[in-house]
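Listed below are the residues making up each chain.
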Amino acid sequence: KSRGRIALAFLKLRRLITQTKTLRIAPDSDGRMRCAYNVVGTETARLTCYESPTGSGYNLQTTTKPHRDLFLADDGCLLAQCDLSGADGWTVASYAAAQGDRTMLDDYKAGIKPAKIGVLMWKQGAEINKLPREQLKALCKQVDGDSWEYFGFKRVQHGSSYLMGKITMSDQILTDSWKLTGKPVVLPPATCEQMQKTCFFARYWGIPRWHAWTERELKGNGYLIASNGFKRLFFGRKDDHDTLKQALAHLPQVYTTYATMMALARCWSDPDNRNKDGSLKVEANHTVHDSILFSFSRPLKDWACAKIRGWFNNELQIAQEKLVIPFEGAVGRDWKHLDEGVI
């Protein structure tokens, strides 16, 4: 935050030390880099990852994009990664719609990202909020996806949804920008608060109503139940701010994980995905929160991509809405260069 050259130099040194430690990790004797998963390690059923029982590997969910080109498909094979798009946002939008505000849900359905509308409101004023969606969609194309405003507002959107304070929000933007881009983005807490109140909550007034609904559920029942039957009891004080923050983050993570695990289960159970010897034609190699990494023989590329699209195409009920969370993916020779086709 001080923009001191010494502090930045230490951060760069620390990053390089971490990278050298990762790059010294050796695979097993067969060249495979393995890991292990804990299937009951989180409150939302999200898988956690750690070193393989064989002693090789590490938490592969933390593999950074610059190192992903080290993970290659087998000879004659391809890798494909498919990710959910905005899964947390769709859940928040569905619960806001249950409180009478369909604005965010209708924005998503129209193909408009709330963070881009937020940037437009921030730069051009509240009048943007009165424009029809067709005009908004055209204006959103002018928002630079690599700009600091868009980067910051994406964090403001999610932070505001989960009752993150302005100081924590500012710190999160700084941390994420450094971790993901190597260029620190300093957004003062006052700016984060202004973006939240004059832009995000001004358009999506149902979000605070969802916060109040969740608080009533906590105080009245002490638990939340997702539409897939997942029930979580909250053991902290029901009137505690931290307990409420945990509750708000819970359902979006549950639905994101559920949608990902449904795709994974369909990959495993699809009878068309089995060879005569019982092996899988398309293998699921790894999962990172809302994405799955697959591998398959190169001649199966078109068939495999169609199958993956089908496995991810699952209608969920979130609050009172039935929807398919959008997804996207790509195919390539290694985990980083997915440039040989799209899913």
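A quick note: this is a predicted structure, and the numbers were derived from the prediction, not measured.

**Quick look at the side chain of Glu321**
- Mapped onto the secondary structure, Glu321 falls in strand S9 (residues 321-324).
- Within the structure, Glu321 has its side chain in polar contact with the side chain of Arg102 (distance 2.8 Å).
- Ignoring anything within four residues of it in the chain, the contact list for Glu321 reads Ser94, Ala97, Arg102, Leu105, Lys109 and Leu316.

**Digging into the pairing of strand S8 (residues 315-318)**
- Only one face of S8 is buried: it carries Leu316 and Ile318, and the other face, with Glu315 and Gln317, is open.
- Relative to S9, S8 runs antiparallel, the two sharing four bridges. Looking at S9, one finds that Leu316 is bridged to Leu323.
- Between S8 and S9, which pair antiparallel and follow one another directly, the connecting turn spans two residues, one of which, Ala319, has a positive phi of 55 degrees.

**What about the packing of aromatic side chains?**
- Considering all chains together, one arrives at nine aromatic pairs under this definition.
- Sitting above the plane of the Phe151 ring, Arg155 keeps its charged end 4.0 Å from the centroid.
- The residue whose ring lies beneath Lys281 is Trp303, and the NZ or CZ to ring-centre distance is 5.2 Å.

Analysis parameters
- Residues numbered from 1 in each chain as written.
- Predicted model: local features only at pLDDT ≥ 70, side-chain atom pairs only at ≥ 80, totals over all residues.
- Heavy atoms only, no water.
- Helix = DSSP H or I, 4+ residues; strand = E, 2+ residues; numbered from the N terminus.
- Polar contact = N/O pair within 3.5 Å; in protein donor to acceptor, adjacent residues only side chain to side chain.
- Contact = heavy atoms within 4.5 Å.
- Buried < 20%, exposed > 50% of the residue type's maximum accessible area, 1.4 Å probe, protein only.
- Pairing = 2+ DSSP bridges.
- Phe/Tyr/Trp six-rings, centres within 6.5 Å; stacked < 30°, edge-to-face > 60°.
- Lys NZ or Arg CZ within 6 Å of the ring centre and 35° of its normal.

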